[in-house]
Amino acid sequence: MATAKKNNKENFSDYIKKFWILFTYGSIALVAFFLLASWGFFGEMPSFDELENPNSNIASEIISSDGKTIGKFAIQNRIPVKFKDLPEDLVNALVSTEDERFYEHSGIDPKGTMRAVLSLGSNGGASTITQQLAKNLFHGSDGSKNIIVRIVQKVKEWIIAVRLERQYTKQEIIAMYLNQVDFVNNAIGISSAAKIYFNKKPKELATEESAVLVGMLTNPSRFNPNRFKERATERRNIVLGQMVRNKTLSEAKYKTLKASPIKLDFKLENHNDGIATYFREYLRDYLKKWTKENPKPDGTTYDIHKDGLKIFTTIDSKMQKYAEEAVAQHLKNLQAKFFEEAKDKKNAPFVNLTDDETNGIIKRAMKNSERWRIMKNDDKTEDEILKSFDVKTKMKIFTWNGERDTIMTPKDSIIYYKHFLQTGFMAMEPQTGYVKAWVGGIDQKYFQYDHVGQGARQVGSTFKPFVYATAIDQLGMSPCDSIYDSPFTMPKGKWGITESWSPRNSDGKYRGLINLKTALEKSVNTISAKLMDRVGPEAVVNMVQRLGVSSEIPARPAIALGAVEITVEEMVAALSTFANEGQYVKPQIITRIEDKNGVVIFESMPETKDVVNKEVAYAVIKLMTGVTDGGTGARLRRGSAGFMSYNYSLQNEIAGKTGTSQNNSDGWFMGMVPNLAAGVWVGNEDRSAHFRRTYYGQGATMALPIWGIFMDKCYKDKSLNLSQEKFPKPAAMSIKVDCWTPKKVIDSTETEIPDIDELEF
């Protein structure tokens, strides 16, 4: 008996000894396992620098001059926010639901881990907020079912979580976590989620809205409130219940919120949405060049899609919105007239073209299409590709009443889109060069070409102020000087012309002795030609180039009538020089750029130069005010668009000029008040597609109403402080500008004189 007890005691001692041996070796193995993992034996671990600056693909923000985010450049649609910008209820909802002991642990929750181990995960996982952040930031999960792989991942997650806790405060960890989470629908991070689901900034989120977003964290797709509202509501209420349990929400408020429905203000964000879409693309190209010329301190190149830059632009979000509304309002009406005029016309929308010429335009459009490129890459023959353009297919098309599903052949869709009138609109401050509004077309999704910065078009009579300015500057003329409106011929050989040139006024009438103010007001061709003959083409070209126009301008007499192509951007900047008392200011689109830490890395400097003195500039302004007082621009005074009326009735001093190119292919209006200059071009993509009648095709009908609607909206918005004063007159004005005006004013509703029709160059 004694021997048995002794043997049992020895056996128990052996068990104890073996247990401690196993425990010791097990502990050593566990420590070694963690050490090997931390040293990167099982895969690369983040360095100290990576922990300090985790790679996070932060979107760059495009910010308007009035502080609105008008767009982003991004791989991931994510803008980080700081803890101080998070609402308290959002933080409470997160901690209550995802990690109740967040403020008590150092990255790993022992209680939660033990619970998960004992229940084999049936009662939920044990990942803390810090562990989830570690997984999102540095190693992720490959979804492997291999138990060894999953254990290694979990160990790495623990190690990184502990390091994060040492490196950052609890508040910073919460902010980083919420900035990293994918809320689906292109909403990466809490800032994008708040904007996309509720159209709010994070700080503006209500308690129940915060609970909806926190409820999505478990499974964003499953609890997406836009698709599964009932399921998301149930999940939201669980989050609210967790807040009650953790005493961060009262029972009474819980009952109220629990009974309320989810109210979304959902709007997806992509580059085709929002305002200033053409401007944003122009800005993207601008920044590509800027990043090459302005490297980081370490010599690497900024990435506008990942480096979280803040790009502060000159665009005013209100003016931009008004400009886009003005374009849509007028062109929707004008387009209806265009379709009406083109209906049942042979080879429409093209005018006076043969069948072969029309087919040539359509075939060029086919070859420039994405369909042609893809089929060509698939080694399809040209015949196969051409046949595909005659096969009806389902497609979405642009209309002024919104996108429409339809069935048509790709060839017919090309002809359909050729009918559409396009536009370019830009507004800028003459004194600063700040571009305040930029509309490059009617819809950037369907028409990518930018008619402000890219498209140079024939400017028609809007070029005439440059001719008059040269005459005033070089010959000492004044707006009140008289000149005969009579038949005029420039002989062969003069100014390099190879044939004699006899420009005519389109109405065939000549007014006799008139002053320059009346001549510009009525856009008289013979007077512009005579002024050109006096100063010479080279002098005018030189003047225009000093005004910042870089487009190639031929030094020939015909440019007096606008036979030259210039962009809207250059035209606005050039003419605004006269509103800025003769000083040219290059258009500016950016004021400054900050990096993701708020450090200013670029500030723009204005580029200016004196072109003419103040007196000459003011004299040109007075010439142009005549156009809006009694000429083709007088429609601004009564809201006329020729074929219909609008609400605007602008009575303040406005300097302006209409323009119409040959065959009504281009309609222009340039207009200025003391602190804003804006220009509008309207026309079809192809010059051979245009209105058949000048009644519709002139600048006063096509372009001027957009300017009028825009300015009317700006004046009604008192926050914009748009000037209603007269242009400042130089103190010592030696040039006579106040001219005698006949009591009878020529009817300002008459059709504008086409600038180049029937002329031979």
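Positions within a chain are numbered from 1, following the residues in the order the chain's sequence is written. Per-residue local features of the predicted model are confined to residues with pLDDT of at least 70, and side-chain atom pairs are confined, for both listing and counting, to 80 or more; whole-chain, interface and lining totals are unaffected and use all residues. To get the side-chain values, all heavy atoms of the structure are used, and hydrogens and water are removed first.

Participant: Where do I start with the overall build of the protein in this structure?
Facilitator: Scanning the protein from N- to C-terminus turns up 26 helices and 18 strands. Remark: exposure states derive from per-residue accessible area (1.4 Å probe, protein chains only) relative to the maximum for the residue type, with buried under 20%, exposed over 50%, and partly exposed in between. Counting the 761 residues in the protein, one finds 53% classified as buried. Accessible surface area values rest on a Shrake-Rupley calculation with a 1.4 Å probe, where residue burial reflects the displayed protein chains alone. Working note: accessible area of the protein is about 36,000 Å², and carbon and sulfur atoms make up 50% of it. Helix and strand definitions here come from DSSP, where helices need a minimum of 4 consecutive H or I residues and strands a minimum of 2 consecutive E residues; each element is numbered from the N-terminal end.

Participant: Help me understand the pattern of salt bridges, please; the structure alone is not making it clear to me.
Facilitator: Side-chain pairing between opposite charges can occur once the charged atoms of the two side chains come close. Any carboxyl oxygen of Asp or Glu within 4 Å of a side-chain nitrogen of Lys or Arg constitutes a salt bridge here. The full count for this structure, using the stated rule, is 30 salt bridges. The partner of K713 in a salt bridge is E325, and the shortest N-O contact between them spans 3.2 Å. With K713 in helix α26 (residues 704-716) and E325 in helix α13 (residues 317-342), this residue pair connects regions lying 388 residues apart in the sequence. Residue classification places K713 among the partly exposed positions, given a relative accessible area of 24%. Beyond isolated ion pairs, a larger network of salt bridges with shared partners links K321, E325 and K713.

Participant: What is the right way to look at the nonpolar core in this model?
Facilitator: The nonpolar side chains of a soluble globular protein tend to be buried, and buried together. Among the nonpolar cores identified, the biggest contains 136 residues, and F425, F463, F578 and F710 are the most heavily contacted of them. Should any heavy atoms of two residues lie within 4.5 Å, those residues are counted as being in contact. Residues contacting F710, with those up to four places away along its chain left out, are M319, Y322, A323, A326, F425, A427 and L676. Take the buried Ala, Val, Leu, Ile, Met, Phe, Trp, Tyr and Cys residues and link them wherever side-chain atoms come within 4.5 Å; each set so joined is a nonpolar core.

Participant: I'm lost on the confidence of the model for the protein in this one. Help?
Facilitator: Detailed reading of the predicted coordinates is not advisable wherever pLDDT is low. You can read pLDDT as the predictor saying how much it trusts each residue, on a scale of 0 to 100. The predicted model of the protein averages 88 in pLDDT, with 85% of residues at 70 or higher. Taken together, the stretch residues 117-124 has pLDDT below 50 and engages in four contacts with residues farther than four places along the chain or on a different chain. Note that pLDDT drops below 50 for residues 742-761; the model gives that stretch 60 contacts with residues more than four away or on any other chain.

Participant: How should I be thinking about the state of the cysteines in this particular structure?
Facilitator: Cysteine pairs can be linked by a disulfide, which is a covalent bond between their two sulfur atoms. Note on terminology: pairs of cysteine sulfur atoms within 2.5 Å are recorded as disulfides. Summed over the entire model, instances satisfying the criterion amount to one disulfide. Between the sulfur atoms of C480 and its disulfide mate C739 the distance is 2.0 Å. Between C480 and C739, the disulfide has an S-S torsion of -90° and is therefore left-handed. On the criterion of sequence distance, the pair formed by C480 in the loop between α18 (464-475) and β9 (482-485) and C739 in the segment after α26 is long-range, its members being 259 residues apart. Summarising the burial analysis for this pair, C480 and C739 share the class buried.

Participant: Just to check I follow, could you spell out the sheet that holds strand β7 (residues 435-439) for this structure?
Facilitator: Strands pair in a sheet through their backbones, by hydrogen bonds, and they do so in one of two ways: parallel or antiparallel. Across the sheet, five strands lie side by side as β7-β6-β18-β17-β16; this open sheet has antiparallel pairing. Where the open sheet ends on each side, the last strands, each with one partner, are β7 and β16 (655-660). Strand-to-strand twist in this sheet, taken as the mean axis angle between neighbours without regard to direction, amounts to 5°. Note that strand β6 (residues 421-428) and strand β18 (residues 676-684) share eight bridges and pair antiparallel. Across the sheet, residue A427 finds its bridge partner in β18, namely A678. A fitted line through C-alpha atoms serves as each axis, taken over the contacting stretch for helices, and the angle formed by two N-to-C directions is quoted from 0 to 180°. The sheet contacts of α13 involve β6, β7 and β18, and relative to β7 the element is tilted by about 30°. Pairing between strands requires that DSSP locate at least two bridges from one strand to the other.

Participant: Before we go on, may I ask you to explain the environment of A678 in this structure?
Facilitator: One can find A678 in strand β18. Its relative accessible area of 3% is what places A678 among the buried residues. Between the alpha carbons of A678 and F425 there is a distance of 7.2 Å; along the sequence they are 253 residues apart.

Participant: Is there a simple way to think about the packing of aromatic side chains in this case?
Facilitator: Geometry of an aromatic ring pair is reported as the spacing of the ring centres plus the angle between the planes. By convention, a stacked pair of Phe, Tyr or Trp rings (six-membered ring in the case of Trp) has centres within 6.5 Å and planes under 30 degrees apart, an edge-to-face pair has planes over 60 apart, and any other such pair is tilted. All chains considered together, the criterion is met by 27 aromatic pairs. Ring geometry for Y417 versus Y446: centroids 6.1 Å apart, planes at 35°, classification tilted. Highlighted residues: Y417 in helix α17 (residues 410-418) and Y446 in the loop between β7 and β8 (456-458), separated in sequence by 29 residues. Between F669 and W707, the aromatic rings sit 5.4 Å apart at their centres with planes inclined by 75°, giving edge-to-face as the arrangement. You can see F669 sitting in strand β17 (residues 667-673) and its partner W707 sitting in helix α26, a full 38 residues away along the chain.

Participant: What is the right way to read the pairing of strand β2 (residues 69-73) from this model?
Facilitator: Sheet faces and side chains relate simply in a regular strand, where the side chains alternate between the two faces. Counted residue by residue, β2 has four buried out of five residues, so it is predominantly covered. Between the antiparallel neighbours strand β1 (residues 60-63) and β2 lie five residues, among them G67 with a positive phi of about 85°.

Participant: What exactly am I supposed to notice about the side chain of N77 here?
Facilitator: Relative to the assigned elements, N77 resides in the loop between β2 and α3 (88-98). A 3.5 Å cut-off defines polar contacts: any pair of N or O atoms within that distance qualifies, except that in protein one atom must be a possible hydrogen donor and the other a possible acceptor, and neighbouring residues in sequence count only when both atoms are side-chain atoms. Among the polar contacts listed, one links the side chain of N77 to the backbone oxygen of N186, at a separation of 3.0 Å. In this structure, N77 is in contact with K72, N186, A187, I188, S192, I196 and E269, ignoring residues within four places of it in sequence.

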